[in-house]
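Structural overview for review
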Amino acid sequence: VRAPRAARAARPGQFAMIQLLDRSDVLLRRPMSIYDVIAGNGRARGSRKKRSPEVLQFLYKVVGRGTDLMAKLQPGDKVGLLAPLGHGFFAEDYLPKARESNEVLHVAGGIGIAALLLPAREMARAGIRQRLFFGGRTKADLVGIEDFKPLVQQTVLATEDGSRGHEGFVTRPLETHLSKHPNKKFLLMVCGPWAMLDASIRLARQYSQPCLVSMENRMGCGLGVCLGCCIQVVGEGHGSYQRVCTEGPVFWAEKVIWEKEQIAKT
């Protein structure tokens, strides 16, 4: 989506609310992680200076009528856009932890990979060692891997049907890696379905490693008004609840109350 002002303002981990225009049958905007931010036409001709960001890229899966219609958009079509939203990954917050660690472990499930490319690029520029654990139901769900290759030292894949990489959930090879290196310091950065988030933060606690999670709750407005995306947190915020769209979508795992009832209602 060509949106120069939003592209220049976007930070890693933020998201956008995208609306299909002139569609009365699809009323709500769709929340989507900002996957990448690029210049409109790369480098200016005859210039060594890289052009300012002008384009937001989104990575999404067709799961319903709204995303199916998005997949049919053509170059030149317009969409409604609110972006960038949320506070995302604050560099001053996670980069010190990343520099203290021996390795940053990105853990992604399915389309959750979209939230992790920009922070991975930022850490690669800082010379921080990184490893990607990426899981999906089938090999068709493992998209965007090529974009991570220049940024991470190793990619570990897993699919539930065994069609690519390890067979089973991606948290299994993650646990193997953590157990093999009990004396190393890691920083986990996780985005994906609730069950995967829950399993990942349990491993982070078990091995006493810091963990950042990017939440994927359903949203109505994306601006903190409707309160539809609230999660329970430890003793702060709006009556021990915070809004994923404004206080998030990125949280330190120890701040979130990971109860089965909360997971079930999402």
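What comes next concerns the included structure. (Residues numbered from 1 in each chain as written. Predicted model: local features only at pLDDT ≥ 70, side-chain atom pairs only at ≥ 80, totals over all residues. Heavy atoms only, no water.)

Bringing the packing of aromatic side chains into the picture now. For the coordinates displayed, the defined rule picks out one aromatic pair. Consider the rings of Phe 89 and Tyr 94, whose centres lie 5.9 Å apart with planes at 80°: the pair is edge-to-face. Taking relative accessible area as the criterion, Tyr 94 reaches 0% and is therefore assigned buried. (Phe/Tyr/Trp six-rings, centres within 6.5 Å; stacked < 30°, edge-to-face > 60°. Buried < 20%, exposed > 50% of the residue type's maximum accessible area, 1.4 Å probe, protein only.)

Turning to its location among the elements, His 87 is positioned in the loop between β4 (79-85) and α3 (91-100). Classification of His 87 as buried rests on a relative accessible area of 18%. Only 3.2 Å separates the side chain of His 87 from the backbone oxygen of Val 250, close enough to count as a polar contact. For His 87, the residues in contact, after removing those within four places along its chain, are Arg 11, Gln 14, Thr 246, Glu 247, Gly 248, Pro 249 and Val 250. (Helix = DSSP H or I, 4+ residues; strand = E, 2+ residues; numbered from the N terminus. Polar contact = N/O pair within 3.5 Å; in protein donor to acceptor, adjacent residues only side chain to side chain. Contact = heavy atoms within 4.5 Å.)

Of note, Val 63 is situated in the loop between β3 (53-58) and α2 (65-71). Each C-alpha atom, one on Val 63 and one on Thr 138, is 15 Å from the other, the two residues being 75 residues apart in sequence.

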